[in-house]
Amino acid sequence: MRRASRKDVLDAVFDRAKNIDLGDSELRADMARHLCILVSGYIDQSIKAFTKEYVERRSGPTVVRYVEASSKNLTNLKAEKLTNHLLSFDNDWRSPLAVLIADERKSALDSLIDVRHKIAHGSPSDVTIARVQGYYNEIQKLLDGVRVLMGLP
C-alpha cells in the first residue's frame, strides 16, 4: 500500500474542512488557521525535500549531509527567502524564478506566511478556509514549477 504524500494528506484536510457546517463560524475559523499552518509546513517540507533530492542527484553523501543540515532551519519561506535559497544552487535560475515567483503565486506565498506569523504569535486573523485554499492552489503551482526548474521528476 502506498504511503500518502504530504500533498494527499493536506488535500484530505481541505476536503474535511469543506464539510464543516457554514453556521459553525468558530470551527471554520479554527480550521482556516490550522490549514494555514499546515500549508506553511508543507511549503517548508517540500522545498527541503526538493533540495535534498536535487543535491543527491549531483553530489556525494558528504555534500548531501551538509546541505541537509544547512536546510534544517529553512522555514517561513516568503518569496525573497525562497528565491535566495534556490539561487544558491544555480544563479542561472534568476530569470525563470522571477517569472515563476511573481504575481498571484508571490502574493499567495507572502500572504500565507504573513498570516501564519500572526497566528503563531497570537495576533487576530480573519483568514478563511476559501482564502487559504486559494493560497494553496497558487503555492502548489509554484512548487510544481520549482520541481521542474530543479529537473526533478
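Cut-off values and rules
- Residues numbered from 1 in each chain as written.
- Predicted model: local features only at pLDDT ≥ 70, side-chain atom pairs only at ≥ 80, totals over all residues.
- Heavy atoms only, no water.
- Helix = DSSP H or I, 4+ residues; strand = E, 2+ residues; numbered from the N terminus.
- Rg over C-alpha atoms; globule rule 2.2 N^0.38 Å.
- Buried < 20%, exposed > 50% of the residue type's maximum accessible area, 1.4 Å probe, protein only.
- Contact = heavy atoms within 4.5 Å.
- Areas by Shrake-Rupley, 256 points an atom, 1.4 Å probe, with all protein chains shown as cover.
- Lys, Arg positive; Asp, Glu negative; His and termini not counted.
- Charge placed at Lys NZ, Arg CZ, Asp CG, Glu CD.
- Salt bridge = Lys/Arg side-chain N within 4 Å of Asp/Glu carboxyl O.
- Phe/Tyr/Trp six-rings, centres within 6.5 Å; stacked < 30°, edge-to-face > 60°.
- Axes fitted to C-alpha atoms, helices over the stretch in contact; angles between N-to-C directions.
- Parallel < 35°, antiparallel > 145°, perpendicular 65-115°, else oblique.
- Nonpolar A, V, L, I, M, F, W, Y, C, P; charged D, E, K, R; others polar.

Notes on the overall build of the protein
From N to C terminus, the protein includes seven helices and zero strands. Seen in sequence order, the protein has helices and strands lined up from the N terminus as α-α-α-α-α-α-α. Its C-alpha radius of gyration of 17 Å places the protein within 12% of the 15 Å reference for a compact globule of 153 residues. Counting only C-alpha atoms and orienting by the principal axes, one finds that the protein spans roughly 55 × 40 × 25 Å. Split into buried and exposed, the 153 residues of the protein put 39% on the buried side. A separation of at least 24 residues holds for 73% of the contacts in the protein among residues at least 6 apart in sequence. Carbon and sulfur atoms make up 51% of the accessible area of the protein, which totals about 8,900 Å². Of the charged side chains in the protein, 24 are positive and 21 negative, and the gap between their average positions amounts to 5 Å.

Focus: the pattern of salt bridges
Per the counting criterion, the structure on display carries 11 salt bridges. With its nearest N and O atoms 2.7 Å apart, the salt bridge here joins Lys 7 to Asp 11. With Lys 7 and Asp 11 both in helix H1 (residues 6–18) and four residues apart, the pair spans about one turn of that helix. Classification of Asp 11 by relative accessible area gives partly exposed; the value is 23%. Among the salt bridges present, the one from Asp 114 reaches Lys 78, with a minimum N-O distance of 2.7 Å. Here Asp 114, found in helix H6 (residues 103–120), pairs with Lys 78, found in the loop between helix H3 (61–70) and helix H4 (79–87); they are 36 residues apart in sequence, far enough to count as distant. Look at Lys 78 and you get partly exposed, because its relative accessible area is 31%.

Quick notes on unusual backbone geometry
One non-glycine residue with positive phi stands out, namely Asn 76, at about 50°. Along the chain, the position of Asn 76 falls in the loop between H3 and H4.

Observations regarding the packing of aromatic side chains
The tally for this structure, following the rule as stated, stands at four aromatic pairs. Considering the side-chain rings of Phe 14 and Tyr 136, the 4.9 Å spacing of their centres and the 15° angle between planes classify their relative orientation as stacked. Of this pair, Phe 14 sits in helix H1 while Tyr 136 sits in helix H7 (residues 129–149), placing them 122 residues apart in sequence. Ring plane angle 70° and centroid distance 5.4 Å describe the contact between Tyr 54 and Trp 93, whose orientation is recorded as edge-to-face. Here Trp 93 lies in the loop between H4 and helix H5 (94–100) and Tyr 54 lies in helix H2 (residues 25–56), a separation of 39 residues in the sequence. A single burial state applies to Tyr 54 and to Trp 93, both of which are buried. Among the aromatic side chains, those forming a connected cluster through ring pairs are Phe 14, Tyr 42 and Tyr 136.

Quick word on the packing of H1 against H2
Helix packing for two helices is described by the angle between their axes and how far apart those axes are. As a packed pair, H1 and H2 sit with axes 10 Å apart at the nearest point and diverge in direction by 170°. Here H1 is positioned roughly antiparallel relative to H2, judged by the angle of their axes. Contacts from Arg 6, Lys 7, Leu 10, Val 13, Phe 14 and Ala 17 of H1 reach H2 at Arg 28, Met 31, His 34, Leu 35, Leu 38, Val 39, Tyr 42, Gln 45 and Ala 49. Here the contact of H1 with H2 is composed, by residue class, of 10 nonpolar, two polar and three charged.

Take it as geometry only, folks, not as evidence of what the structure does.
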